[in-house]
Structures are given as C-alpha cells and as structure tokens.
Number of protein chains: 2
Amino acid sequence: MQRAPERLSSGEIAVWRKFLRAHATVVRQLEADLLGAHSLPLASYDVLVQLVEAPEHKLRMTELADAVLLSRSGLTRLVDRLEREGLVTREACVSDARGLFAVLTQAGYDRLRSATGTHLRGVSELVVSKLDPEDLAALDRAMDKLLS
Amino acid sequence: MQRAPERLSSGEIAVWRKFLRAHATVVRQLEADLLGAHSLPLASYDVLVQLVEAPEHKLRMTELADAVLLSRSGLTRLVDRLEREGLVTREACVSDARGLFAVLTQAGYDRLRSATGTHLRGVSELVVSKLDPEDLAALDRAMDKLLS
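Residues numbered from 1 in each chain as written. Chains lettered and ligands numbered in written order. Predicted model: local features only at pLDDT ≥ 70, side-chain atom pairs only at ≥ 80, totals over all residues. Heavy atoms only, no water.

Topic: the overall build of chain A
Of the regular secondary structure elements, chain A holds six helices and three strands. Reading the helices (α) and strands (β) of chain A from amino to carboxyl end gives α-α-β-α-α-β-β-α-α. Scaling as 2.2 N^0.38, a compact globule of 148 residues should have a C-alpha radius of gyration of about 15 Å, whereas chain A reaches 18 Å, well beyond that. Principal axes of the C-alpha set define a box for chain A whose edges measure 55 × 35 × 25 Å. Considering chain A as a whole, with its 148 residues, one finds that 44% of them fall into the buried category. Contacts in chain A between residues far apart in sequence, at least 24 positions, make up 50% of those at least 6 positions apart. Entry remark: accessible area of chain A is about 7700 Å², with carbon and sulfur atoms responsible for 53%. Positive and negative side-chain charges of chain A, numbering 20 and 21 respectively, have mean locations separated by a distance of 6 Å. (Helix = DSSP H or I, 4+ residues; strand = E, 2+ residues; numbered from the N terminus. Rg over C-alpha atoms; globule rule 2.2 N^0.38 Å. Buried < 20%, exposed > 50% of the residue type's maximum accessible area, 1.4 Å probe, protein only. Contact = heavy atoms within 4.5 Å. Areas by Shrake-Rupley, 256 points an atom, 1.4 Å probe, with all protein chains shown as cover. Lys, Arg positive; Asp, Glu negative; His and termini not counted. Charge placed at Lys NZ, Arg CZ, Asp CG, Glu CD.)

Some remarks on unusual backbone geometry
Residues and elements named next belong to chain A. Not every positive phi belongs to a glycine, and Glu-56 is a case in point at roughly 60°. Summarising the element assignment, Glu-56 is placed in the loop between helix 2 (42-53) and strand 1 (58-60). On the basis of relative accessibility, which here comes to 66%, the residue Glu-56 falls in the exposed class.

Re the relation of the copies chain B and chain A
If you rotate chain B by 180° and push it 0.0 Å along the axis, it lands on chain A with an RMSD of 0.0 Å. Both copies are brought into coincidence by an operation consistent with a two-fold rotation axis. Comparing contact sets, 100% of the residues at the interface of chain B also lie at the interface in chain A, consistent with an isologous, same-surface contact. (Least-squares fit on C-alpha atoms with pLDDT ≥ 70 in both.)

Notes on the pattern of salt bridges
Taken as a whole and assessed by the stated rule, the structure comprises 18 salt bridges over all chains. Between Glu-91 of chain B and Lys-58 of chain B there is a salt bridge; the shortest N-O distance is 3.0 Å. Note that Glu-91 of chain B is positioned in strand 2 (residues 88-92) and Lys-58 of chain B in strand 1 (residues 58-60), a separation of 33 residues in sequence. Residues joined by salt bridges that share partners form a network here, namely Lys-18 of chain A together with Asp-140 and Asp-144 of chain B. (Salt bridge = Lys/Arg side-chain N within 4 Å of Asp/Glu carboxyl O.)

Describing the interface of chain B and chain A
The interface is formed by 54 residues belonging to chain B together with 54 residues belonging to chain A. Between chain B and chain A the total buried area reaches about 5500 Å² when both faces are included, carbon and sulfur atoms providing 65% of it. The largest contributions to the chain B side of the interface with chain A come from Trp-16, Leu-69 and Leu-146 of chain B, which together make up 13% of the buried area. One can count ten salt bridges joining chain B with chain A. Put simply, Lys-145 of chain B and Asp-135 of chain A hold a salt bridge, and the shortest N to O gap is 2.6 Å. Along the contact surface separating chain B from chain A lie 19 residue pairs in polar contact (both at pLDDT 80 or more). Mapped onto the side of chain B that touches chain A, the elements with two or more residues apiece are helix 1 (10-38), helix 2 (42-53), helix 3 (61-68), helix 5 (106-126) and helix 6 (133-147) of chain B. (Buried area = accessible area lost by both parts, 1.4 Å probe. Polar contact = N/O pair within 3.5 Å; in protein donor to acceptor, adjacent residues only side chain to side chain.)

Side note on the sheet that holds strand 2 of chain B
All names here are of chain B. Ordered by their spatial adjacency, three strands build an open sheet running 1-3-2, and the pairing between neighbours is antiparallel. Every other strand in the sheet has two partners, leaving strand 1 and strand 2 as the edge strands with one partner each. Neighbouring strand axes in the sheet, compared pairwise and without regard to direction, differ in orientation by 30° on average. With five bridges connecting them, strand 2 and strand 3 (residues 100-104) associate as antiparallel partners. Each bridged residue has a counterpart across the sheet, and for Glu-91 the counterpart in strand 3 is Phe-101. Of the strands in this sheet, strand 1, strand 2 and strand 3 touch helix 3, which is tilted by about 95° from strand 1. (Pairing = 2+ DSSP bridges. Axes fitted to C-alpha atoms, helices over the stretch in contact; angles between N-to-C directions.)

Some details on the side chain of Ser-44 of chain A
All names here are of chain A. Its location among the elements puts Ser-44 in helix 2. Judged by its relative accessible area of 2%, Ser-44 falls in the buried class. Each residue touching Ser-44, except ones within four places of it in the same chain, is listed here: Leu-78, Arg-81 and Leu-82.

Digging into the side chain of Thr-105 of chain A
Residue and element names in this part refer to chain A. Note on placement: Thr-105 falls in the loop between strand 3 (96-104) and helix 5 (106-126). Take Thr-105: its relative accessible area is 16%, and that puts it in the buried class. Looking at Thr-105, its side chain comes within polar contact range of the main-chain oxygen of Gly-86, at 2.7 Å. Among the polar contacts listed, one links the side chain of Thr-105 to the backbone nitrogen of Ala-107, at a separation of 3.4 Å. Every residue in contact with Thr-105, bar those within four places of it in the chain, is listed here: Gly-86, Leu-87, Val-88 and Thr-89.

Structure below.
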C-alpha cells in the first residue's frame, strides 16, 4: 500500500532507527563470530556462499557484485584478497574476452564448509530463535514490500 | 519467545537473507541520495545527527562510537574527515585528561539541516510509505526482540 511521502512521525522514525540498530547489532556479532572462529569476514563468507550455490561454483564478477550488493571496485578488492588466500581463482570467460569469472577453489569450499556451522548457529541464536513464526512471517512480508 | 537453537529451515534462512537484502538496498539508495545531493556519506550524516541531538551538541568519542555502531578506530577516521571539512571539532574534556569530545560546528549544523530533508524524504519513500501501520508495528516488535 503506497501513500504519498509526507512528514514522518516520531514513531515511524523510531521504527526505522530500530531497524538499523537491530541490523547493525546482529551483523556485528555474526562478523565477530566468523572472524573469531574462522578469520573470515562476513563479506568474504557471503562471496563464498554465492559461489558455492552457482552452477560449476563460478559467477561473472558483475553477477557476483550484484549478488553481494557491492560496488564493482569493492568486489574487485575483496576477490583480490580471497585469491591471495587461495579461496577463489579468477578465470577468463571464453565467450567474452573482457569477462572474468570468480571460481570457488577446493580450499574455499573447505573453508566455507567449516564456517557455515558457526554462521548458521549465529543466525539461529541471534535472529530466528528470538522470533515467533508470526514475527518471521510479518518480517518476510515487510521486507518483500521494501524490495518491491 | 526463546527456542533452542536448531537447524534452520530454508524458509527461515530465506527471511534472514531478505532482511539483509532489503537493508542493503534501502541503505544503498539513501547513501546515493545523500552523496548526490549533499556530498555527505550516510555514516557522516549519522554522526551529525547524534551530535545535534546531544546536550550542547557534543559527545565523548566513546559515546559517539557506541551511538553510530562504529569501532573506535573507524569513528576516529570518520571524525578526522568531518573535522577537515569543518563540520565537527574536537574538544578536550575538562574532567578527564584522556577524554575527547566531538562537537558539532555551525557549518556542520547547516550541512545537516540541508541534508535532513533529502534523507527523511528517502526514508519516507523507500521505507515508511511502503508499509502499512500493521507492518510497521510488527517490524517494531520484531526489532525489539532482536535487540533484547
């Protein structure tokens, strides 16, 4: 349901701020958990997840940037770091001379596998276990509307 | 309502991912709007808002770091930048030789004032106008639970 932009009430601003604070608090803890147990920043974890879910464990750099919501230059720096760690390689794209794929390596797969338990336990404890099914359904609906 | 951490369902993971994606999409657009119209990154805007709302328009660096959810070193870099732009100054704390305040300047106040319309219009259009009062109330409850 769309309504014309108008002055926001203090209650509406308070909900928006709470949304930002809850996001930051949860993400900060998830990042601390991954760094502490696996020396893996959350953004790196996200890249590895996108690659493991892609056909042949590879994605064009442009697709990967969209999937993890990073700028092209931000993703390039991140993939540089992952490549130095041996978790990802770059591969030329046969059909497009300028195209480059990022490809998950076996080491990247193993690292992701060991980190996934930590991460999902965090999402469960910090998010899902705190919400009723009704809360989750309402959150789902609200996020759909923000994304529409 | 708390339940024991357990395997997450694909639906629960999907809601979590949607939450992340909605947050990133909205924040990215708000940042683009502020940068485009006022050359002000969202993190800088947040710092100026915290200062304008504080008594005497000043906060200890540690309080400010907590308020904007940045690490101490991240906040130091950000305040360095704001100080170079003349939007904030640092002031020694009389009662604590090691303490430093960040203080909003008149230029910072003016910059914030001109950026606030852009930002609140964005929050209204991208978030509040897309949600029913019931969605907002449900979101508020869910975020309270995540922060508890």
